Each structure stands twice: as C-alpha cells, then as structure tokens.
Amino acid sequence: MPTRGERGTGDGSRGSGDRFVPVDRLSALARALLSDDLGGRDVVPARLANRVTEQADEWAAHGFTEDTVRPWRELPPEAAGYLASRGVDPAVLSLSVSPGGIGPVPLATAIAAQQIPVQRAYELLVLTGEHPRTPLADEPAAPQPPPRAVAPVVFSHVPADSDTCR
C-alpha cells in the first residue's frame, strides 16, 4: 500500500493510479470516521478522503465531534443525532430487537436498515425502561393531569374474626 511518498498522479478514476491524501490533512472528525485500522497507511485515496469529509460535515451538522461520533457510526447521522439529543446511551444500540417478524438483530442494524424508524426505536427504549423519557428544550413538556381528590376507603366486608362469619 502506498505511503506518503508514493502518491499516484492519475485523475482518480479506478485503474489509473488514484491521488492520495495524507490522513493528517483530514479534519479530526473525518479521521474519527475512518476505519480504526488503516493497515499502517498514512494516506487514503482522494475519493475516500472526499467522501469521509462530506460525512464529517453531515455529522457535525447533527452536533457530533471527533470525541462523540465513534459509538454512533453504525447509524445514519440524522438517527444518531435524534437519539443523542435525547440523551440515549449508545450502548443500547447493541440491544436485540425483532422487527417485522425477522430474527433478533441489534437495534443499530434495525435502525440503519430502516426496519424500525428511529422515533419508534426511541419510544421502545422508553417503554421498556432502557431509557427515561427526555424532553428536548424546545419540546413542550407533557401536560400533567390535575391531582385527584382521594376519598377515604370504606370496606364493605365483615372482618374474618366476626361472629357473623362462623
């Protein structure tokens, strides 16, 4: 594999010797989106650098940084942003679900494959107690029912030790 000193000079099309971009020229967020194992390479093909830079811009638009993006990489940025903004722990992405009658799959896979809408996944996390409901700052709080008056309890049965029960 090429290293910094072995860059091709082609136009970037397959088979013509890709241009390569040094990894350290990418933004920190783009580097966080790259594979954890580049096989010792310190350059990536230009088309990969362009793609990961576009992805980094999209993740940044949803509030992610190089420090927060890694556990969410399996999801589309919009879905990850939806869950992260509600304080969901990314560890729940490994929980198994059975969407649409198919066998159990990790929640992240079900969301990414659009087998479960992210909003429904969030509701399931709340309903199962895996995550407490977290309203957003711009989301109106759910109305609280008015307190009910509590009446004294009157039992209509006779105590068991009464003479009438014998």
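Look up: the structure comes first, before these words.
Thresholds applied
Residues numbered from 1 in each chain as written. Predicted model: local features only at pLDDT ≥ 70, side-chain atom pairs only at ≥ 80, totals over all residues. Heavy atoms only, no water. Buried < 20%, exposed > 50% of the residue type's maximum accessible area, 1.4 Å probe, protein only. Helix = DSSP H or I, 4+ residues; strand = E, 2+ residues; numbered from the N terminus. Arc of directions from axis to C-beta. Contact = heavy atoms within 4.5 Å. Polar contact = N/O pair within 3.5 Å; in protein donor to acceptor, adjacent residues only side chain to side chain. Phe/Tyr/Trp six-rings, centres within 6.5 Å; stacked < 30°, edge-to-face > 60°. Lys NZ or Arg CZ within 6 Å of the ring centre and 35° of its normal.

Novice: Hey, could you run me through helix α5 (residues 118-127) in this one?
Specialist: Working note: α-helix, 3.6 residues per turn, so residues spaced by three or four point in the same direction. Of all the positions in α5, only Val118, Ala121, Tyr122, Leu125 and Val126 are classed as buried. The buried residues of α5 occupy an angular sector of 140 degrees when the element is viewed end-on, so they sit on one face. Contacts from the buried residues of α5 go to α3 (77-85) and α4 (107-112). Among the residues trailing α5, Gly129 stands out with phi positive, at a value near 80 degrees.

Novice: Even after reading the chapter, I still don't get the side chain of Arg86, so can you show me in this structure?
Specialist: Inspection of the secondary structure assignment puts Arg86 in the loop between α3 and β3 (96-97). Among the polar contacts listed, one links the side chain of Arg86 to the backbone oxygen of Tyr82, at a separation of 3.0 Å.

Novice: Would you explain the packing of aromatic side chains in this entry?
Specialist: Two descriptors summarise a pair of aromatic rings, namely the distance from one centre to the other and the angle between the planes of the rings. Applying the stated rule across the entire model yields 3 aromatic pairs. Centre to centre, the rings of Tyr82 and Tyr122 are 6.1 Å apart; their planes meet at 90 degrees, and the pair counts as edge-to-face. Here Tyr82, found in helix α3, pairs with Tyr122, found in helix α5; they are 40 residues apart in sequence, far enough to count as distant. Accessibility assignment for this pair places Tyr82 and Tyr122 in one class, buried. One aromatic cluster is present, built from ring pairs that chain together Trp59, Phe64 and Trp72. Across from the ring centre of Tyr82, 3.6 Å away, lies the NZ or CZ of Arg86, which sits over that ring.

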